Amino acid sequence: TFWKDVGTTIRNAWQAIMGTLYAVGNSFIMNAIFPGGAKLADQNGYRAEVAWLDLIIAVSLIMYMNVSDRCRTFALFYIAMFMMHYMNPDSVAKFSRSFQVDWNGTGMSYLLVCLTGTGLAILFSFVPYPRFITNAAALDASNITVAICELLEQVIEIYNGTHSSSALHSKCEQAAEGINEKLKSLELATQTMFWEGFDIGQSGKRRHLMSTFHKLLKHLMDIIHGLELAAKVDDLADDGLLRQLSAEIFELSDTMKAILVGEGSLSVFVADCELSESEARELHRRALELADESHRLSKAYTQLRVESGEPTLGLHLLEEDYFIYNMAGLAHVVSEFAVNVQTQQHKPMTDALIDTMLDVMDPEAAGKNINFIIRGVVSYMLAFVAGIYVYGYDFTIAATVALILSRFVGSALERNLGRMQGVVLGLVLPAIVMSQVPTCSGGIGTAVFLVIIFGFEAVCLYIFFSASARYAFIGMLTAAFAAQSFFQPCSAFSSHGSNSSAAYARVTATVTGILLVAIIDMALTQDRPSHVFQVQLTEGMAQLRRGFHHFFAGKEIGNPIPLATGAINSALTHALEAEHEPRYWRTPFPSKMAEVILGELQDMLSDLRILDRASHTFEGKGKGSLDVSMLFSETRKTDLFKTCIRDLFKQYDAVALFAKRCIEHESDEPNQDLLSYEHNVAAGDSLEALVEYMKDLVQYTDDVPVLDDTRCRVGVALFVISCTHVRLDSIVGAILRY
């Protein structure tokens, strides 16, 4: 339960209490129906089949519900304990009966223990001083904003450079990756902020502001990705026009930075949740100034195209259109946010709680996890049966299953081996130590006993909080099981043999539970993580293709963007899991190849988002109106356009199929697909012909804001076609290399 900040600790405590309440409530109902359970069967009419039915329903329901893993673990753990006592005719445990609460009963005692433990965890999260996730998130948001502004300046400097600078591009890419990782952490922190104020009053407003600001920062990173791409392409070119507008571009960047960071900025407003009247007026003035500077930059760009003798489209100047469009996009997004942020309304606590309850009973989420639900129920019920009929009403096996259930089978075996280490260390080491220390003799023995406990738990918890994820949970399990082993009555340590036997019995039961889960996972798992990765990768590429097809067909891009995002993120998650899955006769999972392919697909997704913006005119505010059909107008009907798009999708489909077959190849035999693949080196030739054809149709003659300028947006679309060919080449290169 305890964690490094107050919000996470309160969230963990709530999840633990809800899981315990679920188990206690189930036990309370069963003891109301058949008071005392099996041990009073001759008095209450106890029927075992009803108890088994209740167990199946209770376990299936908690597995079905879209609750946290911690809540599920607590519920299943205590269900195992309570129902094992309830069904044991020789149990000495007491429970509430006939809807009369017995505060000395087993169920209520464990509920009070849970409340006490979670309460102490929350209390100690304030010692020696509280670390609120709200404050940490505000600081992180400010630091991320500063990093984004610095990255923007670096990209602009690269664009205005005169020499190729691959090292600087690599530095920018690494910086962008670091920022994106921090944005993921900020998103989790924003969700956790709910637990420090429950969205009541100012805390709800602050969390809503942080959430919307986080979306703004993600949007800015998408656009800066486009700027960096344009800078990389321009860095390889011999000429370029925008270098002559470097002063105007840096001025625009400085104004954006003043709005985002510093005194009276958006990051300060999001952190403090308030601005003085003078600061609000100044922020609004800067937003309007930014919009004016963006318009002046658009005008200067048009004039430059005319004066330089480049009033039409040019293949060598497409990156110029792409860069200026994204600079205008940055200005528009920041300006709009600064103007509207102070009037945004946040959801009250009741709405947040309703959304949470709807998420708990989410059939769609359950449908996606149906295999996990089946594996969990089968493993748990078999463990419960084994606990009754093999181990004599011992709930240890079922409790172990509750602890180690995993959605991902790929690394479950590795994690379970780690759990086995933690359990064995937690059970055996205390038994060895306590057999040599006279803990019940008082005096020096008791002092040594306390020192050993403190030192042992301190080391384990240090591992838990400081080590990598691979070892952290081993430290946590060792600490948890060791604490339970240390705190035994003196009679438990009176005989070395009995103490060792008890530890051995618990280790045996725990290992049995781990092996049971491993066997059920291997028997019932439909898809290995590597196979799910293949499916999600194929789905992600298919959705990206749909998005590009919608755009070039003159339709709104729509759903393919979120669908592709979900598929690519899922593929990334399963790729990480696939690295640890047992491969047996298969070749090692090509993690390097998967990393490169997913990186290129994420870049394509960013390009698609920019195309989605380019498919609208903004008319100075909002998302504007869809006019994608006007971008190519009559050109869409020409053979040149059709050939260009057909070549794009022909190349895309060939690479997608090539990637799919190569990833599916898992044997040591030579991959024939590598030998038979033929790359269409002339796929980009039709793009050159199309650009040449459109020179007479696209003229830079009048002043139109870049975001509404059909000419510039056509350049953006053609540049994306060119970059897509490059990205597809990169995917093929990664496949051949790895």
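Scope of this entry: the structure provided in the associated data block.

What counts, and where the lines are drawn
Residues numbered from 1 in each chain as written. Predicted model: local features only at pLDDT ≥ 70, side-chain atom pairs only at ≥ 80, totals over all residues. Heavy atoms only, no water. Helix = DSSP H or I, 4+ residues; strand = E, 2+ residues; numbered from the N terminus. Buried < 20%, exposed > 50% of the residue type's maximum accessible area, 1.4 Å probe, protein only. Areas by Shrake-Rupley, 256 points an atom, 1.4 Å probe, with all protein chains shown as cover. Phe/Tyr/Trp six-rings, centres within 6.5 Å; stacked < 30°, edge-to-face > 60°. Salt bridge = Lys/Arg side-chain N within 4 Å of Asp/Glu carboxyl O. Patch = residues over 30% accessible without salt bridge, like charges linked within 9 Å, V, L, I, M, F, W, Y side chains within 5 Å. Axes fitted to C-alpha atoms, helices over the stretch in contact; angles between N-to-C directions. Parallel < 35°, antiparallel > 145°, perpendicular 65-115°, else oblique. Contact = heavy atoms within 4.5 Å. Nonpolar A, V, L, I, M, F, W, Y, C, P; charged D, E, K, R; others polar. Core = buried A, V, L, I, M, F, W, Y, C linked by side-chain atoms within 4.5 Å. Expected span 1.5 Å × (residues − 1).

1. Description of the overall build of the protein chain
Item 1. When helices and strands are tallied, the protein chain shows 29 helices and two strands.
Item 2. Looking at the protein chain as a whole, 49% of its 738 residues qualify as buried.
Item 3. Per element, the accessible surface of the protein chain, about 33800 Å² overall, is 60% carbon and sulfur.

2. A look at the packing of aromatic side chains
Item 1. Under the definition given, this model contains 20 aromatic pairs.
Item 2. Judged by centre distance (5.7 Å) and plane angle (85°), the rings of Trp 52 and Phe 384 are edge-to-face. Remark: Phe 384 occurs in helix α16 (residues 370-389) and Trp 52 occurs in helix α3 (residues 48-64); sequence separation between them is 332 residues. By the burial criterion, Trp 52 is buried, and Phe 384 matches it.
Item 3. An aromatic cluster of three or more residues is present, and its members are Phe 74, Phe 77, Tyr 78, Phe 82, Phe 95, Tyr 110 and Phe 395.

3. Quick notes on the pattern of salt bridges
Item 1. What the rule picks out here adds up to 14 salt bridges.
Item 2. Asp 607 is the partner of Arg 727 in a salt bridge, and the nearest nitrogen-oxygen pair spans 3.0 Å. With a gap of 120 residues between them, Arg 727 in helix α29 (residues 710-737) and Asp 607 in helix α24 (residues 591-614) connect regions that are remote in the sequence.
Item 3. By relative accessible area, which is 0% here, Asp 607 ends up buried.
Item 4. One network of salt bridges, with partners in common, ties together Glu 282, Arg 285, Arg 286 and Glu 289.

4. Points about a nonpolar patch on the surface
Item 1. Together, Phe 2, Leu 120, Leu 123, Phe 124, Phe 126 and Val 127 make up an exposed nonpolar region whose accessible area comes to about 550 Å².
Item 2. Within the fold, Leu 123 resides in helix α5 (residues 106-124).

5. Quick notes on the packing of helix α6 (residues 133-159) against helix α10 (residues 246-260)
Item 1. Close contact between α6 and α10 brings their axes to 10 Å; oriented N to C, the two are set at 180°. With respect to α10, the element α6 is oriented roughly antiparallel. Between α6 and α10, the contacting residues are Thr 145, Cys 149, Leu 152, Glu 153, Ile 156 and Glu 157 on the first element and Ile 249, Phe 250, Ser 253, Asp 254, Met 256, Lys 257 and Leu 260 on the second.
Item 2. In terms of residue class, the contact of α6 with α10 is made up of seven nonpolar, two polar and four charged.

6. Here we look at the nonpolar core
Item 1. In terms of nonpolar packing, the biggest core is built from 129 residues, with Leu 266, Phe 323, Met 327, Phe 552, Phe 632 and Leu 718 touching the most fellow members.
Item 2. Residues within four places of Phe 632 in sequence aside, it is in contact with Phe 551, Phe 552, Phe 641, Met 694, Val 714, Ala 717 and Leu 718.
Item 3. Core analysis: the second largest hydrophobic core is formed by 51 residues, Val 24, Tyr 78, Ile 388 and Ala 509 among them.

7. Comments concerning the environment of Phe 473
Item 1. You can see Phe 473 is positioned in helix α20 (residues 469-486).
Item 2. A residue is classified by how much of its surface remains accessible, and Phe 473, at 17% relative accessible area, is buried.
Item 3. For the pair Phe 473 and Arg 415, spaced 58 residues apart in sequence, the C-alpha to C-alpha distance is 8.8 Å.

8. What to know about α16
Item 1. Between its terminal C-alpha atoms α16 stretches 29 Å, which fits the 28 Å expected from 20 residues at 1.5 Å a residue.
Item 2. Across the 20 residues that make up α16, a large majority, 14, are buried.

9. Topic: helix α12 (residues 277-307)
Item 1. An ideal rise of 1.5 Å per residue puts 45 Å on 31 residues; α12 measures up with 45 Å between its terminal C-alpha atoms.
Item 2. Backbone geometry just downstream of α12 places Gly 309 in the positive-phi region, at approximately 80°.

Nothing here speaks to function; it is all geometry.
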